[in-house]
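# Structural features, examined
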Amino acid sequence: MATKTAPVAQALPLNQIMSGDCIDVMNSLPAGSVDLIFADPPYNLQLKGELHRPDNSLVDAVNDHWDQFSSFAAYDHFTRQWLAAAKRLLKPNGAIWVIGSYHNIFRLGAVLQDQGFWLLNDVVWRKSNPMPNFKGKRLTNAHETLIWASRDEASKYTFNYEALKALNDGIQMRSDWVLPICTGHERLKDENGDKAHPTQKPESLLHRIMVATTNPGDVVLDPFFGTGTTGAVAKMLGRDFIGIEREEAYRKAAQTRIDRVRRFDASALEITGSKRAEPRVPFGQVVERGMLRPGEELFSLGNRHKAKVRADGTLIGNDVKGSIHQVGAALEGAPSCNGWTYWHFKRDGKMVPIDILRQQIRAEMEADTRPTH
């Protein structure tokens, strides 16, 4: 009896720029294979004629054929198609970022919700150096809007909260981001000295997105690759990318750009992890393992308060009994206390935080879970 061979899984075209229509190319890739999608689709600006400055010089506006649709219905049909292809590609815990202006972002948001994506945040990218409104008939368009959505409501999407907080000088990152538009040395030019792409996004924007919502080794797909900002930043940050771009000139510019990019070394790619993601270590383990003995005294900084360790991992001090957190809070008259950083023990005449012992146990736990070769 003949045996059937298992089908060979299609290999992902990692770190390649695919040529062709984004919907066709996405539908040809394996389902559930991508961690994150960043999409900068056509904005459907509906420009009527040329745009001039007050001195009558011509503005290099977005009037390319790829941004033109015959109607809102045609644009919505296109949006539904590429978003359906994108959702099919995402892993169960994958997520997507889409960016747009007032011309299209609300239509994109509606389709995202209609197709079952779960909206997580809308982010306002406030441009620190926006292009002025030359006619003076409207407000200056000083921002674009990004929508961050998980594939499904139940998706356990990646969010590196602590890394974003560190990126923002220790302050929780807000949903309004002040970043400059792409200018100067970062702006790619063609052989005539003109913009290689009219809507090239700044690397700072993609850097923040990838640090926030991906991890090294993740696969990031950009179905509207343009001149390759997503690929350049992914390569620098140790992520794999897949780019899709139908315009040959953009593909060439993107490939040349990415070939020049140097990937950061592994140590530089490490980011601040979430405390919640670290394995929980009860203080009782410290006592059980003899790292601190029952009856040993712990001290707050400055020796203002002290307490004794008990055999069950609780403390007693000034007739107050309880966990390291409860006793610390009671002695300080505070609503709460992080006992791991509050309490210290003495070694060789020096005060040592008990958190050192917790970190030692965690390091051992992590070593036990590493694969052996």
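Everything that follows concerns the structure shown earlier in this document.
Let us look at the structure shown here. (Residues numbered from 1 in each chain as written. Predicted model: local features only at pLDDT ≥ 70, side-chain atom pairs only at ≥ 80, totals over all residues. Heavy atoms only, no water.)

## Quick word on the overall build of the protein
- Within the protein, the secondary structure is distributed over 12 helices and 14 strands.
- Going through the 373 residues of the protein one by one, you find that 43% of them count as buried.
- Partitioning the intrachain contacts of the protein with sequence separation of at least 6 by distance along the chain shows that 68% fall at a separation of at least 24.
- Carbon together with sulfur atoms contributes 50% to the accessible area of the protein, which is approximately 20800 Å² in total. (Helix = DSSP H or I, 4+ residues; strand = E, 2+ residues; numbered from the N terminus. Buried < 20%, exposed > 50% of the residue type's maximum accessible area, 1.4 Å probe, protein only. Contact = heavy atoms within 4.5 Å. Areas by Shrake-Rupley, 256 points an atom, 1.4 Å probe, with all protein chains shown as cover.)

## Observations concerning the packing of helix α2 (residues 72–89) against helix α3 (residues 105–114)
- Where α2 meets α3, the closest approach of the two axes is 10 Å, and the angle between their N-to-C directions is 45 degrees. It follows that α2 is oblique to α3 by the angle criterion. Relative to α3, α2 is oriented so that their crossing is right-handed. Listed contacts from α3 to Phe-72, Tyr-75, Asp-76, Thr-79, Arg-80, Trp-82 and Leu-83 of α2 are Arg-107, Leu-108, Val-111 and Leu-112.
- A class-by-class count of the residues in the contact of α2 with α3 yields seven nonpolar, one polar and three charged. (Axes fitted to C-alpha atoms, helices over the stretch in contact; angles between N-to-C directions. Parallel < 35°, antiparallel > 145°, perpendicular 65-115°, else oblique. Left-handed = near helix turned anticlockwise from the far one by under 90°. Nonpolar A, V, L, I, M, F, W, Y, C, P; charged D, E, K, R; others polar.)

## As for α3
- Taken residue by residue, α3 has Ile-105, Leu-108, Gly-109, Val-111 and Leu-112 as its buried positions. The arc that holds every buried residue of α3, seen down its axis, measures 165 degrees, which confines them to one face. Pointing more than 90 degrees away from the buried face of α3 are the exposed residues Phe-106, Gln-113 and Asp-114.
- In this fold, the buried residues of α3 make contact with α2, β3 (90–100), β4 (118–127) and β5 (143–150).
- One or two residues past the end of α3 sits Gly-116, with phi positive at roughly 95 degrees. (Arc of directions from axis to C-beta.)

## Regarding the environment of Ile-99
- Assignment of secondary structure puts Ile-99 in strand β3.
- Owing to a relative accessible area of 0%, Ile-99 belongs among the buried residues under this scheme.
- Measuring from C-alpha to C-alpha, the distance between Ile-99 and Trp-148 comes to 9.0 Å, with 49 residues separating the pair along the chain.

## Notes on the side chain of Arg-239
- With respect to the helices, strands and loops of the structure, Arg-239 is situated in the loop between α6 (229–236) and β8 (240–245).
- Asp-218 provides the closest opposite charge to the buried, salt-bridge-free Arg-239, at an N-O distance of 5.9 Å.
- Within the structure, the side chain of Arg-239 is placed 2.6 Å from the backbone oxygen of Leu-237, a separation counted as a polar contact.
- Not counting residues up to four positions away in its chain, the partners in contact with Arg-239 are Asn-15, Met-210, Val-211, Thr-214, Asn-215, Pro-216, Gly-217, Asp-218, Val-220 and Ala-234. (Lys, Arg positive; Asp, Glu negative; His and termini not counted. Salt bridge = Lys/Arg side-chain N within 4 Å of Asp/Glu carboxyl O. Polar contact = N/O pair within 3.5 Å; in protein donor to acceptor, adjacent residues only side chain to side chain.)

## A few points about the side chain of Asn-160
- Looking at the secondary structure, you find Asn-160 in the loop between β5 and α4 (161–167).
- A distance of 3.5 Å separates polar atoms of two side chains, one belonging to Asn-160 and the other to Asn-215.
- What Asn-160 contacts, discounting residues up to four positions off in sequence, is Val-211, Ala-212, Thr-213, Thr-214, Asn-215 and Ile-271.

## Some points on the packing of aromatic side chains
- Scanning the model with the defined rule gives 10 aromatic pairs in all.
- For the pair Tyr-342 and Trp-343, a centre-to-centre distance of 4.8 Å together with 85 degrees between the ring planes defines the contact as edge-to-face.
- Relative accessible area serves as the criterion here: at 0%, Trp-343 is assigned to the buried category.
- Members of the aromatic cluster, each reached through a chain of ring pairs, are Trp-97, Trp-148, Tyr-157, Phe-159, Tyr-161 and Trp-177.
- The ring of Trp-177 carries the charged tip of Arg-208 above its face, separated from the ring centre by 5.0 Å.
- The side chain of Lys-346 reaches across the aromatic face of Phe-299, ending 4.5 Å from its centre. (Phe/Tyr/Trp six-rings, centres within 6.5 Å; stacked < 30°, edge-to-face > 60°. Lys NZ or Arg CZ within 6 Å of the ring centre and 35° of its normal.)

## Observations regarding the sheet that holds β5
- Taken together, the eight strands give an open sheet; going across it, the order is β1-β8-β7-β2-β3-β5-β4-β6, and neighbouring strands pair in mixed fashion. Lying at the two open borders of the sheet, with one neighbouring strand each, are β1 (16–19) and β6 (176–179). Adjacent strand axes in the sheet meet at a mean angle of 20 degrees, parallel and antiparallel pairs treated alike.
- Across six bridges, the pairing between β3 and β5 is antiparallel. Across the sheet, the residue bridging to Ile-96 is Ala-149, located in β5. (Pairing = 2+ DSSP bridges.)

## Digging into the nonpolar core
- Trp-97, Leu-146, Trp-177, Leu-205 and Ile-209 are the most contacted members of the largest nonpolar core, which totals 35 residues.
- In terms of residues, this core owes the most to one element, helix α5 (residues 203–213), which gives six residues.
- The contact partners of Leu-146, leaving out residues within four places of it in the chain, are Phe-38, Trp-97, Val-98, Ile-99, Asn-121, Asp-122, Val-123, Trp-125, Leu-205 and Ile-209.
- In terms of nonpolar packing, the next biggest core, distinct from the first, is built from 30 residues, Cys-22, Leu-29, Ala-86 and Val-98 among them. (Core = buried A, V, L, I, M, F, W, Y, C linked by side-chain atoms within 4.5 Å.)

## Considerations on the environment of Gly-313
- Along the polypeptide, Gly-313 turns up in the loop between β10 (306–309) and β11 (315–317).
- Separated by 21 residues in sequence, Gly-313 and Leu-292 have C-alpha atoms that sit 9.7 Å apart.

## Description of unusual backbone geometry
- In this structure, Asn-15 takes a positive phi of about 55 degrees despite not being glycine.
- By relative accessible area, which is 38% here, Asn-15 ends up partly exposed.
- Positive phi, normally seen in glycine, also occurs at Asp-348, with a value near 55 degrees.

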